[in-house]
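# Observations on the model geometry
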Amino acid sequence: MDAAKTKHLSGELDAYAHWFVAPDPAAGGHFLAVTLFAEFGDTARIAREVTAVFLRGAGASELVDDAQLVVSELVANVVNHTVPDRHLAQPGSSRRIDVTFKKYPKWVFLGVADEDSTPPLLPVGDAFPAALVGELSEAVLPDSGRGLLIAQRLATSVWWSPEERGGKTVWCRFDLDRPGACSA
């Protein structure tokens, strides 16, 4: 394996290891977890505002626009598409959305958890070449899946993990040391 691939793999493993733990404030880390409810009319707006406040406070202001769009899409997916697992559903209650932010010197992790264990349909590739998409009318673009496609375009990495209690979390990682990203 060449040196560039080894360095890339090492960076991916380092980021993956950090994803599991809360950031250390003494090392410049920041952490925030917020619970929202899908039935509240301003859920996506509040998620965007909390995202901006967290990132600006953590010194990652240059990520605000991209991260707000990503969190808005992920929260909208919960609001519009999730049905809580039977053991988590409570008659007459609201669907819970947990938004988690972790900022390390090199990365920002953003997670949106819901109460539905159904795996998200993460797009595996482009349906159309990027150059052609601008020429197509919206009528030929897919009706669903665009939110996760947007997340994949803006974040360095997108994945999901099942929750022990039921439900799942969709995670996005933003690398702060990429050209054009904010420097930590």
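Counting of residues starts from 1 at the beginning of each chain's written sequence and follows it residue by residue. This being a predicted model, a pLDDT of at least 70 is required before a residue's local features are given, and a value of 80 or more before pairs of side-chain atoms are given or counted; all residues contribute to the totals for chains, interfaces and linings. The side-chain figures draw on all heavy atoms in the structure; neither hydrogens nor water molecules are used.

### A look at the nonpolar core
We call a set of buried Ala, Val, Leu, Ile, Met, Phe, Trp, Tyr and Cys residues a nonpolar core when their side-chain atoms join them within 4.5 Å. Residue exposure (1.4 Å probe, protein chains only): buried if accessible area is under 20% of the type maximum, exposed if over 50%, otherwise partly exposed. Formed by 32 residues in total, the largest nonpolar core has its most connected members in L55, L74, I97, V99, V112, C172 and F174. Think of it this way: any DSSP run of H or I at least four residues long counts as a helix, any run of E at least two long counts as a strand, and we number them from the N terminus. Elements represented by at least two residues in this core include exactly β1 (30-37), α2 (43-57), α3 (64-81), β2 (96-103), β3 (107-114), α5 (146-154) and β5 (168-175). Residues count as neighbours in contact if any of their non-hydrogen atoms are within 4.5 Å of one another. Other than its neighbours up to four places away in sequence, V99 contacts L32, A33, V34, L36, V71, V75, G111 and V112. Counting seven residues, the second largest nonpolar core, distinct from the first, contains A15, Y104, W107 and W171.

### Brief notes about α5
A turn of α-helix holds 3.6 residues, and therefore any two residues three or four places apart point the same way. Buried within α5 we find G147, L148, A151 and L154. All buried residues of α5 lie within an arc of 130 degrees about the axis, which places them on one face of the element. Of the surrounding elements, those touching the buried residues of α5 are α3, β4 (157-162) and β5. In this description, the arc belongs to the directions extending from the helix axis to the C-beta atoms.

### Some points on the pattern of salt bridges
Oppositely charged side chains are able to pair whenever their charged atoms sit close together. The salt bridge definition used is simple: a Lys or Arg side-chain nitrogen within 4 Å of an Asp or Glu carboxyl oxygen. In the structure shown here, the tally under the stated rule is seven salt bridges. Ionic pairing is found between R95 and E39, a salt bridge with its closest N-O pair at 2.7 Å. In this pair, R95 is assigned in the loop between α3 and β2 and E39 in the loop between β1 and α2, connecting sequence segments 56 residues apart. For E39, a relative accessible area of 43% corresponds to the partly exposed category. A cluster of three or more residues bridged by salt bridges with shared partners is formed by D42, R45 and E49.

### Considerations on the packing of aromatic side chains
Two aromatic rings, taken as a pair, are described by how far apart their centres are and by the angle between their planes. Here the aromatic set is Phe, Tyr and Trp, taking the six-membered ring for Trp, and pairing holds for ring centres within 6.5 Å; pairs whose planes are under 30 degrees apart are stacked, those over 60 apart are edge-to-face, and all others are tilted. Under the defined criterion, the tally for this structure stands at five aromatic pairs. A ring pair is formed by W107 and F109, whose centres lie 6.4 Å apart and whose planes are at 45 degrees; its orientation type is tilted. For W107, a relative accessible area of 6% translates into the label buried. Residue classification places F109 among the buried positions, given a relative accessible area of 1%. Ring-pair connections join several aromatic residues into one group, and the members of that group are Y104, W107, F109 and W159.

### Thoughts on the confidence of the model for the protein
In this model, the protein carries a mean pLDDT of 84, and residues with pLDDT of at least 70 account for 82%. Within the protein, α2 carries the highest mean pLDDT (97), whereas helix α4 (residues 130-133) carries the lowest (56). Counted against residues more than four places away or in other chains, residues 179-184, with its pLDDT under 50, gives 13 contacts. Per residue, pLDDT measures the predictor's confidence, with a range of 0 to 100.

### Looking at the sheet that holds β4
We call two strands paired when DSSP finds no fewer than two bridges between them. Strand order in this open sheet of five strands is β1-β2-β3-β5-β4, and the pairing throughout is antiparallel. In this open sheet, the two strands that pair with only one neighbour each are β1 and β4. Sheet twist, expressed as the mean angle between neighbouring strand axes with direction ignored, is 15 degrees. Pairing analysis gives eight bridges linking β3 to β5, with the strands arranged antiparallel. If you follow D114 over to β5, its bridge partner there is K168. Across the face of the sheet, α3 comes into contact with β2, β3 and β5 while running at roughly 15 degrees to β3. Convention adopted: a line fitted to C-alpha atoms gives each axis, helices being fitted over their contacting stretch, and angles between N-to-C directions are expressed from 0 to 180 degrees.

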